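Read off the chains here:
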Amino acid sequence: MKLKSILISFSLFAQLLLAQQETPEFYNIIEAGDTSKIEKTLDEWNKIKSLSADQYLGYFHYKVFLSKRELELTKEQRAALDKMVLKQGNKNASFEISGETYYDSVDVESAFQKLDEGIKMYPDRIDLHFAKIEMLGKMKYWQTFTNEIVDLIKLSAVNNNNWLVFSNTPKNGKEYLLKNMQDYQLMLFDEQKIALLENMCKIANTIVEFYPDHSQSYSNIAVTWFVQSKFADALPPLLKGEKYAPNDQVILNNIAYAYKELGEKEKAIAYYEKVMKIGDEQAKTKARHFLGKLK
């Protein structure tokens, strides 16, 4: 199988650094595509005892871009790759494959180590945390991915969501945090693997532990049970979520669905009628459909 390194998009990487007032020379040489100067700059940074958060992030993104590779596949190899079941999270493997692109895990591990230094020194820089989590997702290191998310949620309760981003710009980010948590749970769900539902549930349960009014998380927990046809297990989180968000059409619709699947017709009808009162047109259409079948 022939391997070919893909070209690094220096302009894209430069966009990641536009807010870094402390490192203008670094992204200037990146735009110029001068890899020798980039490596020289990184070597100089390695000698500095206290890098800025932006420098840590720049180091990480550059190393990740360097680690990216592309496979040239024949039709037969493509078919074989589609059927291949990869061992997830194997730190001993020389690379991890995702589709026709892979990241050299030795290079990425080096990037993670440097980023971890930055996170330890600048724990309130939420962009450092997100950079690590998103790369763990690309590598499909799902257990570490999940643990990092749980730790970040716990940290948010400590710093009251007083986050910083590029150039230490303040970011009061409860909504910002929770939106990203939702995206990360969808990443797990989209893998369509039963084993990862536990990871999704762990994240959602951690969210409601610290943010009990976050209605989406109650529905997320329920969905992990729906997929397994365990409708009785889906009801408790949904009913708890209803207490915090009695007019949340998603929660009400999910409660109705759970009761319908459990054969509790009257309760299902009652909740679909609630959806008819407060839901949007799409939710009402769905509720009307099921009411027609139940009545």
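What counts as what
Residues numbered from 1 in each chain as written. Predicted model: local features only at pLDDT ≥ 70, side-chain atom pairs only at ≥ 80, totals over all residues. Heavy atoms only, no water. Helix = DSSP H or I, 4+ residues; strand = E, 2+ residues; numbered from the N terminus. Buried < 20%, exposed > 50% of the residue type's maximum accessible area, 1.4 Å probe, protein only. Contact = heavy atoms within 4.5 Å. Areas by Shrake-Rupley, 256 points an atom, 1.4 Å probe, with all protein chains shown as cover. Pairing = 2+ DSSP bridges. Expected span 1.5 Å × (residues − 1). Phe/Tyr/Trp six-rings, centres within 6.5 Å; stacked < 30°, edge-to-face > 60°. Lys NZ or Arg CZ within 6 Å of the ring centre and 35° of its normal.

### Topic: the overall build of the chain
Across its full length, the chain carries 15 helices and six strands. Counting the 295 residues in the chain, one finds 45% classified as buried. Considering only contacts in the chain between residues 6 or more positions apart, those separated by 24 or more positions represent 59%. With the model as given, the accessible surface of the chain reaches about 15,800 Å², and the carbon-plus-sulfur share is 52%.

### What about the pairing of strand S5 (residues 162-165)?
Note on strand geometry: in a regular strand, side chains alternate between the two faces of the sheet. Taking every second residue as pointing to the same face, the buried face of S5 carries Trp 163 and Val 165, while none of Asn 162 and Leu 164 on the other face is buried. Relative to strand S6 (residues 169-172), S5 runs antiparallel, the two being bridged by four bridges. Paired with Leu 164 across the strands is Pro 170, a residue of S6. Counting the residues that bridge the hairpin from S5 to S6 gives three residues, and of these Ser 167 lies at a positive phi of roughly 55 degrees.

### Some points on helix H7 (residues 126-139)
Taking 1.5 Å as the rise per residue, H7 with 14 residues should run 20 Å; its terminal C-alpha atoms sit 20 Å apart, in good agreement. Counting buried positions along H7 gives twelve out of 14 residues, so the element sits mostly inside the fold. Every buried residue of H7 is accounted for by Ile 126, Asp 127, Leu 128, His 129, Phe 130, Ala 131, Lys 132, Ile 133, Met 135, Leu 136, Gly 137 and Met 139. Following H7 by one or two positions, Lys 140 adopts a phi angle in the positive range, close to 60 degrees.

### Some thoughts on the packing of aromatic side chains
A complete count under the given rule lists twelve aromatic pairs for this structure. Taken together, a centroid distance of 5.5 Å and an interplanar angle of 70 degrees make the contact between Phe 130 and Tyr 176 edge-to-face. Here Phe 130 is found in helix H7, whereas its partner Tyr 176 is found in helix H9 (residues 174-190), with 46 residues between them in sequence. An aromatic cluster is defined as three or more aromatic residues linked by ring pairs; in this entry it consists of Phe 130, Trp 142, Phe 145, Tyr 176 and Tyr 184. For the cation-ring pair, Lys 114 lies above Tyr 59, with the distance from its terminal atom to the ring centre recorded as 5.4 Å. Looking at Lys 171, its charged tip hangs above the ring of Tyr 176, at a distance of 4.6 Å from the centre.

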